[in-house]
Amino acid sequence: MSFIYPLGLLGLIGIPILIIIYIIKNKYTEQVISSTYIWTLSEKFLKRRNPINKLAGIISLILQILAVLFISVAVAHPVFVIPNSAYEYCFILDGTGSMNIVSESGTRLDAGKERIASIIDGSFDGCTYTLIYVGNSTQTVYEPTENKDRAIRLLNELEPTYADTELNEAQGIAQAYFNENPSVKTYLITDKMVDIAENVFVVDVSSNEENYAVADVEYTVAGGVDEDGKTAVLNIDVKAKAVSYQSDATLEISLYFDDETESADNKTVEVGKLQAVNVELSATVKSFKSFRVVVENKDALPMDNEVVIYSPEQESSFKALIVSDRPFLINAALRARNNVDTEVVSVEKYDPEITGYNLYVFDCAEVTQMPRDGAVWFLKPYANVQGSGFTVRTTTDLKRAVKLSYNSSSASIVTMLTKNLLKQDVEIRGFVKIGLNRGFTTIMSYDGNPMLVAGTNEFGNREVVFAFDIHESSLAGDAAVDYNILMNNLLAYTFPDVITETNFTCGDTLQINVIPNCSSIRIDSPSGEAAYLNTGSDIAEYTLTEVGVYTITLNVGEAVRTFHAFASLPEAERYTTVVQDSFSLNGTPSNNKKDGTYDDLLAWFIILALLFAADWMVYCYEQYQLR
């Protein structure tokens, strides 16, 4: 036996102190009696009825000495060594997506935690515990520790995950522990069926719970008009697959748009076990930003019962203000994209204090104040604009039409803005000579004069400048095909795609294009956790670790742009029983135990309680006799 706190034995000094007090204390009690004769008879009667009266004092002393002894030893915290009774335990807890399946007693992950905690609780003190958690990645939660309370506390703090993480890395870590000590007892707690397991105790926490899912959602959008033939609408056709993983089932599949609580379409399908059945849904809407395909049936794993599809084009919608006295040509080009909402105001009625637009187009308009909250296009400007990327010099009229030439540079901005162009002859009859600031690139030119330039102005917003009047150029006639392509390229440059994909699988990496003038990128996960990404590079990356809808918020200048992405549960984690070929540790096991310990103070406190109770009874007895 050893003591953790040997200084606690100093309390044994209280034993001689008790003995001294017992020796010197007055053992007689003065009492008033009515008669010596009555007292004598009473004394004889008491002595005859209570033969242990003389021992009451010594019994109390003995009990008090024992109490001091046990208190001192308890404070010193004795540890008893139990030879060859302790093991080294290694627990591998599977925390992947399927462990979130719910049964009557909780999730499979909860059941796994309870099994590990019960093994730790039932083991001898002196055992060591290692915990490997296979979640979004494989991590060693703690390496060999003898502290049971810490081991169970850290076990209970583990959060559920949703990724499809292989057990190979955990197997490699467990193999290293087994190589160091072949006596280690390794437990794999999982819901996956392991065909071959050597030197590993497999704890199966699977249950025969129903699980349904909807997957492989695809859709097409076609333009149309309503029944009256007056209002433009969108015809949406959705294809999906419904699956039942545990048994044959009749599933109800519904289609919802945006935040609607009433389904736009609904189908009931018969689904065989592990047989994906195609489901077709359709609806007509004026516009949408997202839609949901939902399995209405309740099951043990709700997180794979819904798929949310976001339209990148609709998410990237923006407002444009056209300042022009001849807006038809530019307005038609912008409205050709169904995510652009345009407003038109004449040059005379334009107010420079107007704000709240993502794009400002000044068509042959003389303005001197630059909007700060959006991108700007200038079509044949007549005056300098403070903060812009150009200066106006002179206006030149040509006697005959001349052709413009394209920049042959391989610069990325030139490649982007000339993408897919047929490069038809673009002819003009006049232009404005402009000077350019640094950072602006010429896309088209004539005789060394910039005709179409693009860059970023002093306020961090994209800026495009036409030095000629497009209404009086061949872009409005013979080169109309290139005009439409050019407009799309300019829009793609002005409003680059922040995200090109909105549907992912948990564990995938979301890539975000850092657009100009973007000061911050915030991502809110389905659970509400916020993360801020680096805006110092062209592309910011974020790993999706939860199932559900992520919200991406960008601060671009003075504007806020919001996008969404949806991450679904990996297909391999939707099964209630997934087959793992093998999980074995190579080598010959041994049974060399280490010395265990017993340091439970509960027994000491029980003995102390009994001693105090006995001493109190003796005291009460003495007081009763003295009445």
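Residues numbered from 1 in each chain as written. Predicted model: local features only at pLDDT ≥ 70, side-chain atom pairs only at ≥ 80, totals over all residues. Heavy atoms only, no water.

Peer 1: Which residues make up the confidence of the model for the protein, and what values go with them?
Peer 2: Chain-level pLDDT for the protein is 86 on average; 87% of the residues reach the 70-or-more range. The spread of mean pLDDT over the elements of the protein runs between strand β36 (residues 594-598), the lowest at 56, and strand β13 (residues 249-257), the highest at 96. (pLDDT = per-residue confidence, 0-100. Helix = DSSP H or I, 4+ residues; strand = E, 2+ residues; numbered from the N terminus.)

Peer 1: Account for the pairing of strand β6 (residues 128-134), with residues named and values stated.
Peer 2: Taken across its seven residues, β6 has seven buried, putting it largely inside the fold. Of the two faces of β6, the one carrying Thr128, Thr130, Ile132 and Val134 and the one carrying Tyr129, Leu131 and Tyr133 are both buried. Bridge analysis of strand β3 (residues 88-94) against β6 gives seven bridges, and the strand direction is parallel. By the bridge assignment for β6, isoleucine 92 is matched with isoleucine 132. (Buried < 20%, exposed > 50% of the residue type's maximum accessible area, 1.4 Å probe, protein only. Pairing = 2+ DSSP bridges.)

Peer 1: How would you summarise the pattern of salt bridges if you had to cite specific residues and measurements?
Peer 2: On inspection of all chains with the given rule, the structure shows 10 salt bridges. Between glutamate 306 and arginine 292 there is a salt bridge; the shortest N-O distance is 3.4 Å. Linking glutamate 306 in strand β17 (residues 306-310) with arginine 292 in strand β16 (residues 290-295), this pair joins segments that are 14 residues apart in sequence. You can call glutamate 306 partly exposed: its relative accessible area is 28%. The shortest N-O distance in the salt bridge between arginine 522 and aspartate 524 comes to 2.9 Å. We classify arginine 522 as partly exposed; its relative accessible area is 31%. (Salt bridge = Lys/Arg side-chain N within 4 Å of Asp/Glu carboxyl O.)

Peer 1: I'd like to hear about the packing of aromatic side chains, residue by residue, with values.
Peer 2: Per the stated rule, a full pass over the model turns up 19 aromatic pairs. Each ring, one from tyrosine 357 and one from tyrosine 360, has its centre 5.8 Å from the other, and the planes form 75°; the classification is edge-to-face. Ring geometry for phenylalanine 431 against tyrosine 446: centres 5.9 Å apart, planes inclined by 70°, an arrangement best described as edge-to-face. Of this pair, phenylalanine 431 sits in strand β24 (residues 427-436) while tyrosine 446 sits in strand β25 (residues 441-446), placing them 15 residues apart in sequence. Using a relative accessible area of 2% as the deciding quantity, one classes phenylalanine 431 as buried. Each residue in the set Tyr87, Tyr89, Phe91, Tyr129, Tyr187 and Phe201 is aromatic and connected to the rest through ring pairs, giving one cluster. Over the face of the ring belonging to tyrosine 87 we find lysine 185, whose NZ or CZ atom lies 4.4 Å from the ring centre. (Phe/Tyr/Trp six-rings, centres within 6.5 Å; stacked < 30°, edge-to-face > 60°. Lys NZ or Arg CZ within 6 Å of the ring centre and 35° of its normal.)

Peer 1: How would you sum up the side chain of aspartate 469? Please name residues and give values.
Peer 2: Note that aspartate 469 resides in the loop between β27 (462-466) and α10 (480-494). Look at aspartate 469 and you get buried, because its relative accessible area is 6%. Contact partners of aspartate 469, with chain neighbours within four places excluded, come to Arg326, Cys364 and Lys380. (Contact = heavy atoms within 4.5 Å.)

Peer 1: An account of the sheet that holds β25 is requested, with residue identities and associated values reported.
Peer 2: Sheet strands pair via backbone hydrogen bonds, and the direction of the pair is either parallel or antiparallel. Read from one edge of the open sheet, eight strands run β19-β18-β20-β21-β27-β26-β25-β23, paired in mixed fashion. With partners counted over all chains shown, the strands left at the sheet margins are β19 (340-345) and β23 (405-406), one partner each. Relative to β25, β23 is paired through two bridges, and the arrangement is antiparallel. In the strand pairing of β25, serine 405 is matched with serine 445. Packing against the sheet, helix α8 (residues 328-335) makes contact with β18 (318-323), β19, β20 (359-363) and β21 (375-379), and its axis sits at approximately 165° to β19. (Axes fitted to C-alpha atoms, helices over the stretch in contact; angles between N-to-C directions.)

Peer 1: Residue-level account of the environment of leucine 154, with values.
Peer 2: Considering the arrangement of structural elements, one finds leucine 154 in helix α5 (residues 148-156). Discounting chain neighbours no more than four positions away, the residues touching leucine 154 are Val141 and Tyr142.

Peer 1: Lay out empty space enclosed by the protein with the relevant residues and their values.
Peer 2: If you walk through the whole model with that rule in mind, you get one cavity of 30 Å³ or more. In this structure, the largest cavity is lined by 16 residues; those nearest its centre are Ala375, Asn461, Thr494, Phe495 and Val556. Among the residues forming the lining of the largest cavity, the class breakdown is seven nonpolar, six polar and three charged. (1 Å grid on protein atoms, 1.4 Å probe; cavity = no way out; pocket = protein on both sides within 12 Å on 5 of 7 lines; lining within 4 Å. Points joined across faces, edges and corners; volume = space filled by probe spheres on them. Nonpolar A, V, L, I, M, F, W, Y, C, P; charged D, E, K, R; others polar.)

Peer 1: How would you sum up the sheet that holds strand β14 (residues 265-271)? Please name residues and give values.
Peer 2: Spatial ordering of the open sheet is given by β14-β13-β16-β17, a layout of four strands whose pairing is antiparallel. The open sheet has two edge strands, β14 and β17, and neither has a second partner. On average, each strand axis in the sheet is tilted by 15° relative to the strand beside it, whichever way the strands run. Two elements, β16 and β17, share five bridges in a ladder whose sense is antiparallel. Residue pairing across strands places arginine 292 opposite valine 308, the latter belonging to β17.

Peer 1: Which residues make up the pairing of β13, and what values go with them?
Peer 2: Among the nine residues that make up β13, seven are buried, leaving the element largely enclosed by the rest of the structure. Relative to β14, β13 runs antiparallel, the two being bridged by seven bridges. Across the sheet, the residue bridging to leucine 255 is aspartate 265, located in β14. With five bridges joining them, β13 and β16 adopt antiparallel strand pairing. Its bridge partner lying in β16, serine 254 is registered against valine 294.

Peer 1: Give me the lowdown on the environment of isoleucine 59, citing residues and values where you can.
Peer 2: Here isoleucine 59 shows up in helix α3 (residues 56-76). When the C-alpha atoms of isoleucine 59 and tyrosine 619 are compared, they prove to be 9.9 Å apart, with 560 residues separating the residues in sequence.

Peer 1: Any details on the packing of helix α4 (residues 108-122) against α5? Residues and values, ideally.
Peer 2: One can describe the packing of α4 onto α5 by two numbers: an axis separation of 10 Å at closest approach and a directional angle of 180°. In terms of orientation, α4 lies roughly antiparallel with respect to α5. Across the interface between the two elements, Lys113, Ile116, Ala117, Ile120 and Asp121 from α4 touch Lys148, Ala151, Ile152, Leu155 and Asn156 from α5. Residue composition of the contact of α4 with α5, by class: six nonpolar, one polar and three charged. (Parallel < 35°, antiparallel > 145°, perpendicular 65-115°, else oblique.)

Peer 1: Outline α4, supporting the account with residue identities and numerical values.
Peer 2: In this model, α4 (15 residues) spans 21 Å end to end at C-alpha, consistent with the 21 Å of a helix rising 1.5 Å per residue. Every buried residue of α4 is accounted for by Arg108, Leu109, Gly112, Lys113, Ile116, Ala117 and Ile120. The secondary structure elements touched by the buried residues of α4 are β3, β5 (106-107), β6, β7 (138-145), α5 and β8 (185-190). (Expected span 1.5 Å × (residues − 1).)

Peer 1: Just give me the short version of the nonpolar core, but keep the residues and values in it.
Peer 2: Counting residues in each nonpolar core, the largest one holds 61 residues, and the members touching the most others are Leu334, Leu359, Phe362, Trp377, Phe378, Phe466 and Phe468. By residue number, the principal contributor to this core is α10, which donates six residues. With 28 residues, the next largest nonpolar core counts Leu251, Val279, Phe291 and Ile309 among its residues. (Core = buried A, V, L, I, M, F, W, Y, C linked by side-chain atoms within 4.5 Å.)

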